[in-house]
Amino acid sequence: MPPQTMSAKTDATIGVNGTAKSTSNQAPPPMALPANLKSDLLNKLSLKSFKLKTKQQELLLRVSILFLVYVLAFITRLFSVLRYESMIHEFDPYFNYRTTLFLTEKGFYEFWNWFDYESWYPLGRIVGGTLYPGLMVTAALIYWGLRFLRFAVHIREVCVLTAPFFASNTTLVAYFFGKEIWDSSAGLVAAALIAICPGYISRSVAGSYDNEGVAIFALLLTFYLFVKAVNTGSLTWSLASAFGYFYMVSAWGGYVFIINLIPLYVLVLLITGRYSVRLYIAYNCMYVLGMLLAMQIRFVGFQHVQSGEHMAAMGVFFLMQVFYFLDWVKYLLSDKRLFETFLRITVTTTVGLAAVALGVGTASGYISPWTGRFYSLLDPTYAKDHIPIIASVSEHQPTAWSSFMFDFHILLFLFPAGLYFCFKRLTDATIFIVMYGLTSMYFAGVMVRLILVATPAVCLISAIAVSATVKNLAQLLRTKSKVTQGGSSKAASGSKASSKALLDQSQPFQRNGAIALLLGVFYLLSKYATHCTWVTSEAYSSPSIVLAARGAHGNKVIFDDYREAYFWLQQNTPTDAKVMSWWDYGYQITAMANRTVIVDNNTWNNTHIATVGRAMSSYEDEAYEIMRELDVGYVLVVFGGVTGYSSDDINKFLWMVRIGGGVFPVIKEPDYLVNGEYRVDKGAAPKMLNCLMYKLCYYRFGELMTEYGKPPGFDRARGVEIGNKDIKLEHLEEAFTTSNWIVRIYKVKPPNNRW
Amino acid sequence: NEQLAIPQLRQSSYRHETPPTNPSRRCLHLGYFGGKRLHKISWSAPKPSPLTRSAPMAKLAIFFTLTLSLLPFLSHSFSPDTPTDRRILVLLDDFSLKSSHSIFFTSLKSRGFDLDFKLADDPKLSLQRYGQYLYDGLILFAPSVERFGGALDVAAVLDFVDSGHDLIVAADTTASDLIKSVATECGVDFDEDPSAMVIDHQGYAVSDVDGDHTLIAADELIRSDVILGKTKIEAPVLFKGIAHSLNAANTLALKVLSGSPSAYSANPSAKLSSPPSLTGSAISLVSVVQARNNARIMISGSLDLFSNRYMKSSVQKAGSPSKYEKSGNEQFVTEVSKWLFHERGHLKAGNLRHLKVGETGEPAMYRIKDDLEFYVDIFEWSGNSWEPYVADDVQVQFYMMSPYVLKTLSTDKKGLYHTSFKVPDVYGVFQFKVEYQKLGYTSLSLSKQIPVRPFRHNEYERFIPTAFPYYGASFTTIFFFYLFVFFLVIKTRFAGALQMAGFFIFSVVYLYNNRMVGRPPFSIL
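What you are looking at is a predicted structure, and each value in this text was computed from that prediction instead of being measured. All residue numbers refer to position in the chain's written sequence, counted from 1. Here the convention is simple: chains get letters from A, ligands get numbers from 1, in the order in which they are written. Whole-chain, interface and lining totals are the exception, using all residues; otherwise, since this is a predicted model, local features are given only for residues with pLDDT of at least 70 and side-chain atom pairs are given and counted only at 80 or more. For the side-chain quantities, the full set of heavy atoms in the structure was used; hydrogens and water were omitted.

1. Points about the overall build of chain B
Then, in step 1: In DSSP terms, a helix is any run of H or I states spanning at least four residues, a strand is any run of E spanning at least two, and both are numbered starting from the N terminus. Along its length, chain B carries 11 helices and 28 strands.
Then, in step 2: When the 525 residues of chain B are sorted by exposure, 47% land in the buried category.
Then, in step 3: Contacts are assigned to residue pairs with any non-hydrogen atoms lying within 4.5 Å of each other. Pairs at least 24 apart in sequence give 70% of the contacts found in chain B among residues at least 6 apart.
Then, in step 4: Summing over all exposed atoms, chain B offers an accessible surface of approximately 26,900 Å²; the carbon and sulfur share of this is 58%. Exposed residues in this analysis have more than 50% of their type's maximum accessible area, buried residues have under 20%, and partly exposed residues fall in between, with area computed by a 1.4 Å probe over protein chains only. What sets the accessible areas is the Shrake-Rupley method with a 1.4 Å probe; for residues, cover comes only from the shown protein chains.

This is the structure:
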């Protein structure tokens, strides 16, 4: 385990103790605690040499802890660079990288108006109008800033390190947020927790150049600023939160969460009778300005006032006005009964009008209904039944219990404890964090990738739990010293004194218990640090475009087949060649091979994807017709039968069938199954054995010995001997197969010359 | 385990792109051997030790290199610029055919063809040497050959065709499986019964001496001036041989001479026990195939069709009062061979270009609703020179999965075709497509990809009349906001009010000036 995580953890504990100590320092000087010798030494040192006041000491500690956390958050995300190289990971980041490159080369206006004819052939894609530009603009600004300062960096390095940089910034926001909802010690703990929380690291390691890397920062910033605005009732903070919201909208589609959570929060405050002018100012300013700003993003545009997902915010906005109006009327009308009648009439008409407006708007199509993605959030089974293209994405799967444990570790237990503390001290701010925590936990359960959204809330609430617990325990220890020092003063402080008197009766037991519990907390936290580091280095740092495996002798084997194949495409095919592959590889092909693709990861056109799915699941001659129509020059498939790489096209094939069958009913899923079972061996369905995907994956595979003691044509990914070893291709020919057979490229032959 | 396969170059879709074939065979033999070896010595001999010997060698090498490089220009071979074939290999069963079919061969020679007669089982037979084809055309007058000699086989013949060369296959009652399989690969199926012949009890020639009505006076010719020439073939064509039919899946084959409705294919000497498999106009006597690379193939069910005897004999179709002194065979065979060897009906198109109206130079991308002009050149080979091709049915498609625009091109009668149209209101990757397939002519298939983008953000109309109430509303709001603040300030401080007023006036002037310049005052609008 790398040492930096450990040291950071000790810093965090020092922080907790340090603050505890500084508060105790205001009381008559206590006896030095044996557990905190180190921090005591530090205090003495700083006292002696710098002659700092207690407050300054505290500030110094806080700043240095924050600084260390800031650095830690950055360096723990560099595992992927150390293990592999400074490269862009996975699928979507390649698109982001390509667009950023375009932005830095051609400038903002070209980027804004970019019509990309290299993807979604022949439809093309208006890239400028169908992406969230926040990430690219951020990276480009950093890049231009560095260039301006005469740092000759490559844009790729900037892209690789954008996510870690923003993760570091998130820790700062988490600190301030924690400070706002609880106190500064909770903020410090929150910063430390979120710096290494795997749920966040999974999307923000170096190279994971995706929207989420920036968006979580923006999300937390918006929430923090909004809570600040509600707490202060200041227009400035509210304006700031509107800008935070604007940044979030520009960066990620997850902004819908904000624009629904904040109204929900406001509604809860209204219902619980916590309406205040502060809230009125904060929400109205944030909503109106945020909306206007959000509409400047081309991809959002008028959706913000028209689509169903945004209607809740608008409804709450009107409700606020009604509340304000009622307040005013109440102030004018002295008669209570008169007011009640008035209230009844107003509420009825308002609700009625709103219902009519919503009904008319929906019926006339002015208000668009909820999108499938939104539905599938509310009803986890919706996508599975209706939209296979959403259900097929691995990150849209419902979360397994184990992955909660994997991503949150002890936070999972601390979360309810934190909720308990929040409920004990209900304020506007804690109500917000509770609501954020609960809703995001629900969504995290629905979709595995939304764990990311829940992570900041979980970290903050857990930080409250840790900080409050440690503080209480420290207080217990301190009470004892108080008792020994000034026993007479305890009667002065009312009801609290009586509880302390109760505590005093079981003093030795309490003290030992407190020490034990403190040690337990430190043990858990250090375990958390260990776990996080392990997860980061082992699970979340893989670029997934370069695969690593352990060889027979325990040595590391690297499969760099993807890049090999893309490089081949770039070098050996005509520049206007069209490559057909399943949509997963679309972004990578356009970014790395620089070739036109039929479909890519921006799954905006279901029919087009279904056409490719249909081609892959048809017989070769039928597929050939489709490919001719689409001017396909090359077909690329990913095959893991030789290496045992299980997320290959054969394992994804049923989704192609389902998506293809969803649009073209000639493709029927049962044709590819035998008794409801998906198999590729001799017992497989005849259509399965002769469809294009099977043929392309297993072409010439029947001749290959993959494993000792197994017959030729033994598929290691599925552990069976394949059913069709004698595959003849008529309209396609093998063009290239990578060294480990992971990527296979076929050339589509021109039509027969004679007939 | 072949890891790296270099992708095959796409076969050119029209003929003038095929690489120029070699100079004539005899020169090539010498030139290549001498040239290659000497060439090598002259370049890879840095040591000038045997000076006396190397100098003449080098001279010789230079000489050969020069001759070699000049040869393609000097010799009359097939090339994109002169698409007519020049060198033809004739494979015969025996050399007696050379004299019995001499009229046909002489007519070819008189048209400038260089015929090379060989026996079909000649052990030195080869169509290519060093990867270069030695011939531009192949005539298979060897129906009974079971196996070609030398390096030639069915696959080699088909490769010859697939690389853009022409082929005449004549079969007979003695047709071997080899010849039949060549035909089958070209999409034409001969009757499977080896003893079957075409019999026509109504359309036979009166001069049929055997009395089994197998000598047919066929007059069901294809109606195409391009294939059969402008002069109408009056006399029936004498045919004695086997029937074939076109494969239903083959869209490229044409029946040039087809059987009459009363014709059928059966063994003339045996009693007909079951209905014949091929009857009526399903029977093709002579077919042509124009492959996708515009190689032309002629398949005849009768070798005698080309013979001197048939060409010279008089013909009278049974039941027809008109008797002709000379059969139509000579004219038919000559005209078809002219078409076949690209003396006629060969088009070339190219120089496909387009531009935005009012601009010069081809844009890399269009915007929706742009007006554009489209040009393409089409020429026809007259046998000696390229003449402008004049037709009123050439069309261009603006195509993205389906044609969005389909326009007929107008020609200036000098080979230039032109049209102009508006880009549809759909963005995407379009293609200009000229797909011209006219009976007998080489099929033209040109396409050029061009993306069409939507409007840029600043290409929309900035102010639209219907939105004037909204502009009015926003400007009124701004004005009254100023007014409101003005009065709010005047209540407290007079100087501030003056400042406000000044600022207001300044803003109005500023906005007005900007309007005059033409820049919009509000980027948000």
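2. Some remarks on the sheet that holds strand E11 (residues 743-748) of chain A
Residues and elements named next belong to chain A.
Then, in step 1: Two strands make a pair as long as DSSP finds a minimum of two bridges between them. In spatial order, the strands read E6-E5-E7-E11-E10; together these five strands make up an open sheet with mixed pairing. Whereas interior strands pair on both sides, the edge strands pair on one side only; in this sheet they are strand E6 (596-597) and strand E10 (732-737).
Then, in step 2: Examined bridge by bridge, strand E5 (residues 578-580) and strand E7 (residues 634-638) share two bridges and lie parallel to one another. Considered in E7, the bridge of Val 579 is made with Tyr 634.

3. A few points about the interface of chain A and chain B
Then, in step 1: Residue-level contacts link 33 residues of chain A with 38 residues of chain B.
Then, in step 2: Summed over both partners, buried area is the accessible surface (1.4 Å probe) that two parts give up on being assembled. Summed over both sides, the interface between chain A and chain B buries roughly 3,100 Å², with carbon and sulfur atoms accounting for 53% of that surface.
Then, in step 3: Ranking the residues of chain A by area buried against chain B places A:Asn753, A:Arg754 and A:Trp755 at the top, with a combined share of 28%.
Then, in step 4: Put simply, a salt bridge is a Lys or Arg side-chain nitrogen that is within 4 Å of an Asp or Glu carboxyl oxygen. Counting across the interface, chain A meets chain B through three salt bridges.
Then, in step 5: One salt bridge connects B:Glu185 with A:Arg754, and the closest N-O pair in it is separated by 3.7 Å.
Then, in step 6: Two N or O atoms form a polar contact when they lie within 3.5 Å of each other; inside protein one atom must be a possible hydrogen donor and the other a possible acceptor, and for residues adjacent in sequence the pair counts only when both atoms belong to side chains. Between chain A and chain B we count 11 residue pairs in polar contact (both at pLDDT 80 or more) in total.
Then, in step 7: Breaking the side of chain A that touches chain B down by element, the ones donating at least two residues are helix H6 (108-112), helix H27 (561-572) and E10 of chain A.
Then, in step 8: Considering only residue class, the side of chain A that touches chain B consists of 16 nonpolar, nine polar and eight charged. Following the grouping adopted for this structure description, the nonpolar residues are Ala, Val, Leu, Ile, Met, Phe, Trp, Tyr, Cys and Pro, the charged ones are Asp, Glu, Lys and Arg, and the polar ones are all others, Gly among them.

4. Describing the pairing of E11(A)
Residue and element names in this part refer to chain A.
Then, in step 1: Within E11, six of the six residues are buried, which leaves it mostly tucked inside the rest of the structure.
Then, in step 2: Residues Val 743, Ile 745 and Lys 747 point to one face of E11 and Arg 744, Tyr 746 and Val 748 to the other, with burial holding for every one of them.
Then, in step 3: Both E7 and E11 contribute to a ladder of five bridges, which runs antiparallel. From the neighbouring strand, Val 637 faces E11, where its bridge partner is Arg 744.
Then, in step 4: Here E10 runs beside E11; their pairing, made up of five bridges, is antiparallel. Bridge assignment links Glu 733 to a residue of E11, and that residue is Lys 747.
Then, in step 5: Two successive antiparallel strands, E10 and E11, enclose a turn made up of five residues, where Trp 741 displays a positive phi of approximately 65°.

5. Digging into the UniProt feature "domain: OST48 middle" (unreviewed entry) in chain B
Then, in step 1: UniProt positions are given in the numbering used here, feature names are shortened, and annotations may be inferred rather than shown by experiment. UniProt annotation of "domain: OST48 middle" (unreviewed entry) refers to residues 354-489 of chain B when read in the numbering used here.
Then, in step 2: Secondary structure across residues 354-489 of chain B divides into 16% helix and 44% strand, with the first and last C-alpha atoms of the span separated by 64 Å.

6. Looking at the packing of helix H5 (residues 92-106) of chain A against helix H8 (residues 155-181) of chain A
Residues and elements named next belong to chain A.
Then, in step 1: Orientation of H5 relative to H8, taken along the N-to-C sense of each, is 130°, at an axis distance of 10 Å. For the element pair H5 / H8, the angle class is oblique. Once H5 is placed against H8, the crossing between them reads as right-handed. Residues Tyr 97, Thr 100, Leu 101 and Thr 104 of H5 form the contact with H8, whose own contacting residues are Ile 155, Arg 156 and Cys 159.
Then, in step 2: Here the contact of H5 with H8 is composed, by residue class, of four nonpolar, two polar and one charged. Axis definition: a line fitted to C-alpha atoms, over the contacting stretch in the case of helices. Angles run 0 to 180 degrees between N-to-C directions. To sort the angles, those under 35 degrees are grouped as roughly parallel, those over 145 as roughly antiparallel, those from 65 to 115 as roughly perpendicular, and the leftovers as oblique. Throughout, a crossing is termed right-handed when the near helix is turned clockwise from the far one, and left-handed when it is turned anticlockwise from it by less than a right angle.

7. Focus on the UniProt feature "domain: STT3/PglB/AglB core" (unreviewed entry) in chain A
Then, in step 1: The feature "domain: STT3/PglB/AglB core" (unreviewed entry), as annotated in UniProt, sits at residues 578-635 of chain A in this numbering.
Then, in step 2: In this annotation, residues 578-635 of chain A is assigned 52% helix and 12% strand; the end-to-end C-alpha distance for the span is 9 Å.

8. Notes on empty space enclosed by the protein
All names here are of chain B.
Then, in step 1: Think of a 1 Å grid over the protein atoms and nothing else: a 1.4 Å probe that fits but is trapped marks a cavity, an open set flanked by protein within 12 Å on at least five of seven lines marks a pocket, and residues with an atom within 4 Å of a point count as lining. Grid points are joined across faces, edges and corners, and a volume is the space filled by probe spheres set on the points. According to the stated counting rule, one finds nine cavities of 30 Å³ or more in the structure shown.
Then, in step 2: The computed volume of the largest cavity comes to approximately 70 Å³.
Then, in step 3: As for the largest cavity, its lining consists of 14 residues, and the residues nearest its centre are Asp 200, Ile 216, Ala 218, Gly 259 and Ser 260.
Then, in step 4: Of all the secondary structure elements, the ones that give two or more residues to the lining of the largest cavity are strand E8 (197-200) and strand E9 (216-218).
Then, in step 5: Looking at the lining of the largest cavity, the element that brings in the most residues is E9, giving three residues.
Then, in step 6: When its residues are assigned to classes, the lining of the largest cavity shows six nonpolar, four polar and four charged.

9. Brief notes about helix H31 (residues 649-663) of chain A
All names here are of chain A.
Then, in step 1: By this rule the span expected of a helix is its residue count minus one, scaled by 1.5 Å. With 15 residues, H31 extends 20 Å from end C-alpha to end C-alpha; this agrees with the ideal 21 Å at 1.5 Å per step.
Then, in step 2: Residue Trp 655 marks the point of greatest curvature in H31, where the axis turns by about 25°.
Then, in step 3: Among all positions in H31, only Asp 649, Ile 650, Lys 652, Phe 653, Leu 654, Met 656, Val 657, Ile 659 and Gly 660 are buried.
Then, in step 4: Among the structural elements, helix H20 (388-391), helix H29 (606-617), E7, helix H32 (686-690) and helix H33 (692-698) are those in contact with the buried residues of H31. Here the bend at a residue is taken as the angle between two axes, fitted respectively to the seven residues that end there and the seven that start there.

10. Here's the deal with the pattern of salt bridges
Then, in step 1: Tallied over the entire structure, the rule returns 41 salt bridges over all chains.
Then, in step 2: We note a salt bridge from A:Asp681 to A:Arg679, for which the minimum N-O separation is 3.0 Å.
Then, in step 3: A:Arg679 gets classed as partly exposed once you look at its relative accessible area, which sits at 28%.
Then, in step 4: Among the ionic pairs, B:Asp370 bridges to B:Lys356, the shortest N-O distance being 3.7 Å. One end of the pair, B:Asp370, is in the loop between strand E20 (366-367) and strand E21 (371-381); the other, B:Lys356, is in strand E19 (residues 346-356), with 14 residues separating them in the sequence.
Then, in step 5: The exposure class assigned to B:Lys356 is partly exposed, which follows from its relative accessible area of 25%.
Then, in step 6: One continuous salt-bridge network, built from bridges that share partners, spans B:Lys356, B:Arg367, B:Asp370, B:Arg453 and B:Glu459.

11. What about a nonpolar patch on the surface?
Residues and elements named next belong to chain B.
Then, in step 1: Among the surface-exposed residues, Phe 479, Phe 480, Leu 483, Phe 487, Ile 490, Phe 494 and Leu 498 lie close enough to one another that they form a single nonpolar patch of about 700 Å² accessible area.
Then, in step 2: For the nonpolar patch, the elements supplying multiple residues, two or more each, are helix H10 (468-492) and helix H11 (494-517).
Then, in step 3: If you trace the backbone, Phe 487 turns up in helix H10.
Then, in step 4: Using a relative accessible area of 48% as the deciding quantity, one classes Phe 487 as partly exposed. Only residues whose relative accessible area exceeds 30% and that form no salt bridge are eligible for patches; like-charged ones are grouped when within 9 Å, while nonpolar side chains (Val, Leu, Ile, Met, Phe, Trp, Tyr) are grouped when within 5 Å.

12. Some details on helix H16 (residues 311-332) of chain A
Then, in step 1: Taking 1.5 Å per residue as the helical rise, H16(A) with its 22 residues ought to reach 32 Å, and the 32 Å between its terminal C-alpha atoms agrees with that figure.
Then, in step 2: Buried residues belonging to H16(A) abut helix H13 (255-271), helix H14 (277-294), helix H15 (303-306) and helix H17 (336-364) of chain A.

13. Overview of the sheet that holds strand E27 (residues 428-436) of chain B
Residues and elements named next belong to chain B.
Then, in step 1: In spatial order, the strands read E20-E28-E27-E23-E24; together these five strands make up an open sheet with mixed pairing. Where the open sheet ends on each side, the last strands, each with one partner, are E20 and strand E24 (402-408).
Then, in step 2: Sheet topology places strand E23 (residues 395-400) next to E27; three bridges connect them, and they run antiparallel. By the bridge assignment, Gln 397 is partnered in E27 with Lys 433.

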